[in-house]
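Each chain is listed here by its residues.
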Amino acid sequence: MLGLTASPASANVAESDWELSPSSPITAPAGVRCAFAVHIEQSVDGVRTRVLATYPDGSVKQREFVGPLVDTVTNMATGASLDVNASGHATIDYNPDGSQTWNWAGPVLMGFAAGHSNHAPGLYLLTGHYTVDISASSRTVRAASGTELDLCAALS
């Protein structure tokens, strides 16, 4: 898998170490992700997470996410909507500076803001192997091998 490394402790993670990780519905105003306001709500959300590694102080260093996730993405201006399978398998590395590195295989829903990413702005379903660095001010795609569905275009 692209850029994924397991810590020695991950081999000893018990089934009981998984916990549910529900998403919350969100609405992005017009111009933030798409030219129109877009609402994202989960119609299926069985995502689970577990800690794979911690820093010496006990804070989370790496977390794994798996499970079914289907998002209904709605153009708030027209009411047009799409159900998208975003059930990717991901690990997130939490860096001491507050930034994160997301590594995943499969489909994941991700938005990019104009001027704050090396990716075209919009809302996308990214399917394949991707690595994205996320900070408070930017999202940088470091590796991409897969397909992209432009949800703003699909809902226009």
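Everything discussed here concerns the structure shown above.
In this text, all values refer to a predicted model and were calculated from it rather than measured experimentally.

Moving on, we come to the pairing of strand E10 (residues 122–134). Of all the 13 residues making up E10, 10 are buried; the element is thus mostly covered by neighbouring parts of the structure. Here 13 bridges tie strand E9 (residues 100–112) to E10, and the two strands are oriented antiparallel to one another. When the sheet's bridge partners are listed, Leu109 is paired in E10 with Leu125. Strand direction decides the pairing type here: E10 and strand E11 (residues 139–150), joined by 11 bridges, are antiparallel. Across the sheet, the residue bridging to Gly128 is Gly146, located in E11. Between E10 and E11, which pair antiparallel in sequence order, lie four residues.

So, on to the pattern of salt bridges. Tallied over the entire structure, the rule returns two salt bridges. Here Arg50 and Glu64 are joined by a salt bridge, their closest N and O atoms 2.6 Å apart. Pair noted here: Arg50 is in strand E4 (residues 48–54) and Glu64 is in strand E5 (residues 60–66), with a separation of 14 residues, a long-range link. A salt bridge links Asp133 to Arg142, with the shortest nitrogen-to-oxygen separation between them at 2.9 Å.

We now examine the packing of aromatic side chains. Evaluated as defined, the whole model comprises two aromatic pairs. Residues Trp104 and Tyr130 carry aromatic rings whose centres are separated by 5.3 Å and whose planes lie at 15° to one another, so their mutual orientation is stacked. Taken as a pair, Trp104 in strand E9 and Tyr130 in strand E10 lie far apart in primary sequence, 26 residues in all. Given the relative accessible area of 2%, Trp104 is considered buried.

Taken in spatial order, the four strands line up as E2-E3-E6-E7 in an open sheet, and their pairing is antiparallel. The strands lining the two open edges of the sheet, one partner per strand, are strand E2 (26–28) and strand E7 (81–85). Between one strand and the next, the sheet's axes are offset by a mean angle of 25°, whatever the strand orientation.

Attention shifts here to the environment of Leu82. Tracing the backbone shows Leu82 in strand E7. A residue is classified by how much of its surface remains accessible, and Leu82, at 27% relative accessible area, is partly exposed. Taking the C-alpha atoms as reference points, Leu82 and Leu20, 62 residues apart in sequence, are found 25 Å from one another. Not counting residues within four places of it along the chain, the set of residues in contact with Leu82 comprises Asp71, Thr72, Val73, Leu151, Ala154 and Leu155.

Rules used in this analysis
Note on numbering: residues in each chain are counted from 1, in written sequence order. For this predicted model, a pLDDT threshold of at least 70 governs which residues receive local features, and a threshold of 80 or more governs which side-chain atom pairs are given and counted, while totals over whole chains, interfaces and linings are taken from all residues. Processing note: side-chain calculations cover all non-hydrogen atoms of the structure and skip hydrogens and water entirely. Under the scheme applied here, a residue whose accessible area is under 20% of the maximum for its type counts as buried, over 50% as exposed, and between as partly exposed, the area being computed with a 1.4 Å probe on protein chains only. Labels follow the DSSP assignment, with helices taken as runs of H or I lasting at least four residues and strands as runs of E lasting at least two, numbered in each case from the N terminus. DSSP-based pairing: two strands are paired if at least 2 bridges between them are found. When a carboxyl oxygen of Asp or Glu is within 4 Å of a side-chain nitrogen of Lys or Arg, the pair counts as a salt bridge. Ring pairs shown here join Phe, Tyr and Trp side chains whose ring centres sit within 6.5 Å, with only the six-membered ring taken for Trp; geometry is labelled stacked below 30 degrees between planes, edge-to-face above 60, and tilted in between. Every axis corresponds to a line fitted to the C-alpha atoms, with the helix fit spanning only the stretch in contact, and the corresponding angles, defined between N-to-C directions, vary from 0 to 180 degrees. Contacts are assigned to residue pairs that have any heavy atoms within 4.5 Å of one another.

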